[in-house]
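Single-letter residue listing:
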Amino acid sequence: MAHPLELSYNWRTPAFIASVAAAICVSALARGQRTGWVSALVVVLALWALIVGLIYLRTRAYLLIDGSRLTVRRFRRFHTIEAADLMAVAEFVTPNGPSYRLTVRAPDGETRRIVAPVALLRGGHAALFTWILAQAPQANLDKGSLKTLARLKTRGLIP
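Throughout what follows, the structure given in this document is the object of discussion. Model, not experiment: these values are computed from the prediction.

### Here's the deal with the overall build of the protein chain
Looking only at helices and strands, the protein chain has 4 helices and 7 strands in total. N-terminal to C-terminal, the α/β element order of the protein chain is α-α-β-β-β-β-β-β-α-β-α. Against the 2.2 N^0.38 benchmark of 15 Å for 159 residues, the protein chain shows a C-alpha radius of gyration of 21 Å, more extended than a compact globule. Expressed along its principal axes, the backbone C-alpha trace of the protein chain runs to roughly 65 × 40 × 35 Å. Within the protein chain, the fraction of its 159 residues that count as buried is 34%. Summarising the internal contacts of the protein chain: among those between residues at least 6 apart in sequence, 49% fall at separations of at least 24. Entry remark: accessible area of the protein chain is about 9,900 Å², with carbon and sulfur atoms responsible for 60%. The positive charge centre, built from 20 side chains, and the negative charge centre, built from 8, are 13 Å apart in the protein chain.

Each value, and the rule that gives it
- Residues numbered from 1 in each chain as written.
- Predicted model: local features only at pLDDT ≥ 70, side-chain atom pairs only at ≥ 80, totals over all residues.
- Heavy atoms only, no water.
- Helix = DSSP H or I, 4+ residues; strand = E, 2+ residues; numbered from the N terminus.
- Rg over C-alpha atoms; globule rule 2.2 N^0.38 Å.
- Buried < 20%, exposed > 50% of the residue type's maximum accessible area, 1.4 Å probe, protein only.
- Contact = heavy atoms within 4.5 Å.
- Areas by Shrake-Rupley, 256 points an atom, 1.4 Å probe, with all protein chains shown as cover.
- Lys, Arg positive; Asp, Glu negative; His and termini not counted.
- Charge placed at Lys NZ, Arg CZ, Asp CG, Glu CD.

This is the structure:
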């Protein structure tokens, strides 16, 4: 039975630090009750919600390889890709490292671009490229993807 890849970072620490910082700010504002403290309180809570929301969205990264099928999720929806339908792989840079846009032929004949957030997953690059080489060798790789593939082979992470 296939298992999804693990997240490559500890999300609990930044969420905890953001919550503690927000609690300190809220308590200082509530204790001082200076003019405009309610507005400042709203701003602090909005910033806290934004930070925790971004951390939550990063935890939604998902990649599962099950034979010729690849299942990914970036934020909300799961997308299952059959290896035969993969047409192209394009690398794009994120703050955590490169991730990939997979161009897939949909059952209705149109093409879709699906993001594989491998930069957020432990062993994500090696798993994705191993799957591509084994199951979808017909996929066109862009220049960045080819460089990453060569780097993974040099490091011995993929055959």
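Alright, that's what it looks like, and here's the rest.
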